[in-house]
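Chain residues, written in single-letter form:
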Amino acid sequence: MLRLNPADKVDALSRVVINGVFDCGGAAKQLLRSAEEFRGACWYDSVVYEPMADSDQRCVGEVRAVIPSEAGDLAVIMEMAPVDTDEGCLLARRGCKRLRWLKWVTEADCAVRVVPIERVVRVVHVVPDFADLAARRGFGVLPAPRDGPLSDRLAMRYWLNNFYPWDG
């Protein structure tokens, strides 16, 4: 991914300030966190990002590391992909995007992409789809943990929360 040997170590930043740009055209400074340990737990922010330079395409993912480099900081993003929704779902009718972890057939785990931090458009709020989780596993079951079995993580569904007040 970074063309390094498996034994190589790299520095990582736990937070970085980005210039978030919203769909309405507004902009604001946002703190992007990617920390293995923050007050007793991990904190990985979700983001909207451009997968390729000079592209209008927007993707959603979770930043698992921010790596400083001489050419500029790099975001290591675990990718998410859109999933079909139930037409009757209130969140879908309000324009919320339903997501899942992306996994390529040829890979052993979820897909990861490295992009320059300048291609991170903004920090977003992604929440588990508890209705789907309850239908599959029953009420009171917690979402699949980050280090849980791959099959559990791939079965999870999420919602991109359009109602988060960052651009309101």
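Keep in mind that this is a model prediction, so the values were computed, not measured.

**Some thoughts on the packing of aromatic side chains**
1) Next: In this structure the tally under the stated criterion is two aromatic pairs.
2) Next: Ring plane angle 85 degrees and centroid distance 4.9 Å describe the contact between F38 and W43, whose orientation is recorded as edge-to-face.
3) Next: Each ring, one from W101 and one from Y158, has its centre 5.6 Å from the other, and the planes form 70 degrees; the classification is edge-to-face. Pair noted here: W101 is in strand β7 (residues 97–101) and Y158 is in strand β11 (residues 158–160), with a separation of 57 residues, a long-range link.

**Some details on the nonpolar core**
The nonpolar side chains of soluble globular proteins are, as a tendency, buried together.
1) Next: One finds V60, M80, L99, W101, V126, Y158 and L160 to be the most contacted residues of the largest nonpolar core, which totals 15 residues.
2) Next: Listed by contribution, the elements that provide at least two residues to this core are β6 (74–82), β7, β9 (120–124) and β11.
3) Next: When near neighbours in sequence (up to four residues on either side) are disregarded, W101 contacts E62, R64, M78, E79, M80, C110, R153, L154 and Y158.

**As for the pairing of strand β5 (residues 59–67)**
1) Next: Burial within β5 is extensive, with eight of its nine residues counted as buried.
2) Next: Where β5 and β6 come together, six bridges link them in antiparallel fashion. Within the sheet, the bridge partner assigned to V66 lies in β6 and is A75.
3) Next: Count of turn residues in the β5/β6 antiparallel hairpin: six residues, of which G72 carries a positive phi of about 130 degrees.

**Overview of helix α2 (residues 130–137)**
In an α-helix, one full turn covers 3.6 residues, which means residues spaced three or four apart are oriented alike.
1) Next: Taken residue by residue, α2 has D132, L133 and A134 as its buried positions.
2) Next: In this structure, the buried residues of α2 make contact with β7 and α3 (150–155).
3) Next: Two or three places before A131, at the opening of α2, D129 has a side-chain oxygen 3.2 Å from that residue's backbone nitrogen.

Criteria and cut-off values
Residues numbered from 1 in each chain as written. Predicted model: local features only at pLDDT ≥ 70, side-chain atom pairs only at ≥ 80, totals over all residues. Heavy atoms only, no water. Phe/Tyr/Trp six-rings, centres within 6.5 Å; stacked < 30°, edge-to-face > 60°. Helix = DSSP H or I, 4+ residues; strand = E, 2+ residues; numbered from the N terminus. Core = buried A, V, L, I, M, F, W, Y, C linked by side-chain atoms within 4.5 Å. Buried < 20%, exposed > 50% of the residue type's maximum accessible area, 1.4 Å probe, protein only. Contact = heavy atoms within 4.5 Å. Pairing = 2+ DSSP bridges. Polar contact = N/O pair within 3.5 Å; in protein donor to acceptor, adjacent residues only side chain to side chain.

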